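Examining the three-dimensional arrangement
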Amino acid sequence: MSNNSYRPGPQRPRTASQIQYEAMQRRISQRFGEFGERDAAAVSHDPLEDNHVRPILKVMAGLLVVSAIMTYTVGTASRIANGFVAVIVAGLVYHMVTRFPVHESARYFFGVSIFLEAATDIPTYWHPPLAFADMAFYASLKDFAGVPGMSLPLFFFGAVGLLYRARKNLRKRDDLVPPPRHAVRALTFFLVAVLAVEAWGLARGGNLQPSFFQILHLVTMPIVGLTFLYAFRGPEDLPAIGSIIVTVAVARSALCTFTYFTLAARFHNEEGFFVTTHADTVLFTTAIFILIAYAVETRNRRTVLRCLGLTAAIFAGVALNNRRLAFVSLGAAPVMMYLSLKPSPTKRKVTRAGFLVVGLVLVYLIVGSQIEGDSPLWKPAKLAMSVLDQKDSSSESRDIENYNLIYTMSQSPAVGQGFGWEYTEKLQLYDISELFSLYRYIAHNGVLWIWSVGGVVGFTALWFIYPLTITLGMRAYRTAQNPVERAASLAGIGVVVAVIAQIWGDQGWNSYLTLILFAVAFASLARLEAAGEAA
């Protein structure tokens, strides 16, 4: 035997077979999504490209035109006319929920739901152009169309219908991935906890009718969360979700700007002035978090510039809407998002950029807060600094309310008094019962309110969903496969922080827009975390 032909041990083939090569391509494609053939839906992950932007723009334009015509001609005073309109809107909601594939129906339903606003949240000094559509979609059928005993809005029935269809579709199709069980159980537990605290309050002699309004949004949140958890497929829907949020935020910011300089021009000096709704704070900040996270994760100059331009457009709405709570969210959420970043060159770059941005912001705040006048340029600085000042009548009334909630909490610290009870008003600064008859049933500070209602037991059962969602976001970020998934994880964490700030400061428990954005964040992070664990 020749020495040249001798090879110790097993010999590896010099070249792989075609079958081995194709198998390797499939494994790499499944793991990294970068090689081999991919589905058309997976080719573009850029939220700023055409990922359901054009369809939602058409829907928003149609809603704006039709609603403006109805608002400024027919109005909502006639119950008979409203009854016919309710039938038409119900048909449109049914069409939206059933006409398209489930994940596309969820996109349309989500976009419409965050574009419109709760009828009880809109300003009363003027009639905004979306007022008619807001009433038709979010007002109870009893208030809008005079349907006896029907105290639920069409939005609620649309969510329930979409949930039913999504679950039915999942049973029929083997190619769909079911939602993670722990996410379904968490939302179910939240719903059961709300009903348990309601039963406890009624058993103690609480009032049924006020308790309905106390728990309406709390019951709706897990239902909407389950709807999106079942309807959205997973990471492949993230570009559309992000695109819809940013598109709607830009549109509502433009509407806010138009309203500020036209319909609301005479009311700028009114105490408590705002342009659209309090809950738009969460929408605007959510869109900004998405843009920041996507810019950080892609680090592409063109993308970063587009994100900065869209952020500036949305920030105009933040400034003009006159809600200082927005600046609390914009300050706190990015810190939480930064802490979620794993040690990497990206985090070091973000740290260096963060020092520069913080320095510039501090200079702007100090200079802008000292300049006299009502220029929109310096309005953000004045609003942000007013958070630290806290010397206006609104802040004083909130302090008194917080004191009363803490006193109420101390009367039954373990299990609370349950729903259906007013908080004890030991101190009173203003009597606002003529403006808001349920003000002692639904407090501004949702954290202390729920604690006074449920005690330590009830508060823990209802609050756990928020740290759980942040945990899901952090786990999802660690296992994310591409920039879009990492950006979605960071933005989802920011959404939770913004929602918590809204709950603390401005009845976040009782806002449709807030609960919808949280529900989508929870569903997206739960799906993303499960997909990362399975990869």
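Please refer to the structure placed before this passage.
These notes cover the structure that comes with them. (Residues numbered from 1 in each chain as written. Predicted model: local features only at pLDDT ≥ 70, side-chain atom pairs only at ≥ 80, totals over all residues. Heavy atoms only, no water.)

1. A look at the overall build of the protein
- Summing up its helical and strand segments, the protein has 21 helices and zero strands in all.
- Pairs at least 24 residues apart make up 77% of the contacts formed inside the protein by residues separated by at least 6 positions. (Helix = DSSP H or I, 4+ residues; strand = E, 2+ residues; numbered from the N terminus. Contact = heavy atoms within 4.5 Å.)

2. Here we look at helix α12 (residues 280-298)
- In this model, α12 (19 residues) spans 27 Å end to end at C-alpha, consistent with the 27 Å of a helix rising 1.5 Å per residue.
- Counting buried residues in α12 gives 16 out of 19 residues, a clear majority hidden from the surface.
- Remark: arginine 299 follows α12 within two positions and exhibits a positive phi of approximately 55°. (Expected span 1.5 Å × (residues − 1). Buried < 20%, exposed > 50% of the residue type's maximum accessible area, 1.4 Å probe, protein only.)

3. Digging into the packing of helix α18 (residues 446-463) against helix α20 (residues 483-505)
- The interhelical angle for the contact between α18 and α20, taken along N-to-C directions, is 130°, at an axis separation of 10 Å. When the axes of α18 and α20 are compared, the pair comes out oblique. For the pair α18 and α20, contact is made by Gly446, Val447, Leu448 and Trp463 and by Ile500, Ile503 and Trp504, respectively.
- Considering only residue class, the contact of α18 with α20 consists of six nonpolar, one polar and no charged. (Axes fitted to C-alpha atoms, helices over the stretch in contact; angles between N-to-C directions. Parallel < 35°, antiparallel > 145°, perpendicular 65-115°, else oblique. Nonpolar A, V, L, I, M, F, W, Y, C, P; charged D, E, K, R; others polar.)

4. Observations regarding a positive patch on the surface
- Together, Arg167, Lys168, Arg171 and Lys172 make up a region of like positive charge exposed at the surface.
- You can see lysine 172 is positioned in helix α8 (residues 154-172).
- Accessibility expressed as a relative area gives 61% for lysine 172, which makes it exposed. (Patch = residues over 30% accessible without salt bridge, like charges linked within 9 Å, V, L, I, M, F, W, Y side chains within 5 Å. Areas by Shrake-Rupley, 256 points an atom, 1.4 Å probe, with all protein chains shown as cover. Salt bridge = Lys/Arg side-chain N within 4 Å of Asp/Glu carboxyl O. Lys, Arg positive; Asp, Glu negative; His and termini not counted. Charge placed at Lys NZ, Arg CZ, Asp CG, Glu CD.)

5. Concerning the nonpolar core
- One finds Phe110, Ile114, Phe228 and Trp509 to be the most contacted residues of the largest nonpolar core, which totals 138 residues.
- Broken down by element, the residue count for this core peaks at 14 residues, all from helix α21 (residues 512-534).
- With residues up to four places along the chain from it excluded, the contact list for isoleucine 114 reads Ile244, Ile245, Val248, Arg252, Leu283, Leu513, Ile516 and Leu517. (Core = buried A, V, L, I, M, F, W, Y, C linked by side-chain atoms within 4.5 Å.)

6. Things to note about the packing of aromatic side chains
- Applying the stated criterion across every chain, the model contains 25 aromatic pairs.
- Pairing phenylalanine 132 with phenylalanine 144 gives two aromatic rings, centres 6.1 Å apart and planes at 75°, and the pair type is edge-to-face. Residue phenylalanine 132 is found in helix α6 (residues 131-138), and its partner phenylalanine 144 is found in helix α7 (residues 141-145); the two are separated by 12 residues along the sequence.
- We classify phenylalanine 132 as buried; its relative accessible area is 6%.
- Ring pairing ties together the aromatic residues Phe190, Trp451, Phe459, Trp463, Tyr466, Trp509, Phe518 and Phe522, which thus form one cluster.
- In this arrangement the basic side chain of arginine 99 is found over the ring face of phenylalanine 100, its NZ or CZ atom lying 5.9 Å from the centre.
- Above the plane of the ring of tryptophan 421 lies arginine 204, whose end atom (NZ or CZ) is 4.8 Å from the centre. (Phe/Tyr/Trp six-rings, centres within 6.5 Å; stacked < 30°, edge-to-face > 60°. Lys NZ or Arg CZ within 6 Å of the ring centre and 35° of its normal.)

7. A few points about unusual backbone geometry
- Positioned with a positive phi, arginine 299 is a non-glycine residue whose angle comes to about 55°.
- Along the chain, arginine 299 falls in the loop between α12 and α13 (301-320).
- Looking at arginine 299, the relative accessible area reads 45%, which means it is partly exposed.
- For glutamine 507, which is not a glycine, the phi torsion comes out positive at approximately 55°.
- Tracing the chain through its elements places glutamine 507 in the loop between α20 and α21.

8. What about the environment of phenylalanine 419?
- With respect to the helices, strands and loops of the structure, phenylalanine 419 is situated in the loop between α17 (393-411) and α18.
- Distance from phenylalanine 419 to phenylalanine 213, taken between C-alpha atoms, is 9.8 Å for residues 206 residues apart in sequence.
- Ignoring any residue separated from it by four or fewer positions in sequence, one finds phenylalanine 419 in contact with Val194, Val197, Glu198, Gly201, Leu202, Ser211, Gln214, Ile215, Leu218, Trp449, Ile450 and Val453.

9. Examining the pattern of salt bridges
- In this structure the tally under the stated criterion is nine salt bridges.
- One salt bridge in this structure joins aspartate 237 and arginine 107, with 2.7 Å as the shortest N-O distance. One end of the pair, aspartate 237, is in the loop between α10 (208-231) and α11 (238-261); the other, arginine 107, is in helix α5 (residues 102-115), with 130 residues separating them in the sequence.
- Classification of aspartate 237 as buried rests on a relative accessible area of 0%.
- The exposure class assigned to arginine 107 is buried, which follows from its relative accessible area of 12%.
- The closest approach of N and O atoms between arginine 475 and glutamate 533, which form a salt bridge, is 3.2 Å. Of this pair, arginine 475 sits in helix α19 (residues 465-479) while glutamate 533 sits in helix α21, placing them 58 residues apart in sequence.
- Looking at glutamate 533, the relative accessible area reads 45%, which means it is partly exposed.
- Because the salt bridges share partners, they merge into one network encompassing Arg107, Arg233 and Asp237.

10. Here we look at the environment of glycine 158
- Its location among the elements puts glycine 158 in helix α8.
- Residue glycine 158 is classed as buried on the basis of its relative accessible area of 3%.
- Residues glycine 158 and valine 97, 61 residues apart in the sequence, show an inter-C-alpha distance of 6.9 Å.

11. Here's the deal with a nonpolar patch on the surface
- A grouping of Val358, Leu362, Val363, Ile366 and Val367 is seen on the molecular surface, where their side chains present a nonpolar patch of about 440 Å² in accessible area.
- Secondary-structure assignment places valine 367 in helix α15 (residues 345-370).

12. A few points about the side chain of histidine 217
- Mapping histidine 217 onto the fold places it in helix α10.
- For histidine 217, a relative accessible area of 11% gives the class buried.
- Contact partners of histidine 217, with chain neighbours within four places excluded, come to Trp509, Asn510, Ser511, Tyr512 and Leu515.

13. Digging into the side chain of serine 524
- Positionally, serine 524 belongs in helix α21.
- On the basis of relative accessible area, serine 524 is assigned to the buried category, the value being 15%.
- Sequence-distant contacts of serine 524, defined by excluding residues within four places in its chain, comprise Leu238 and Ile241.

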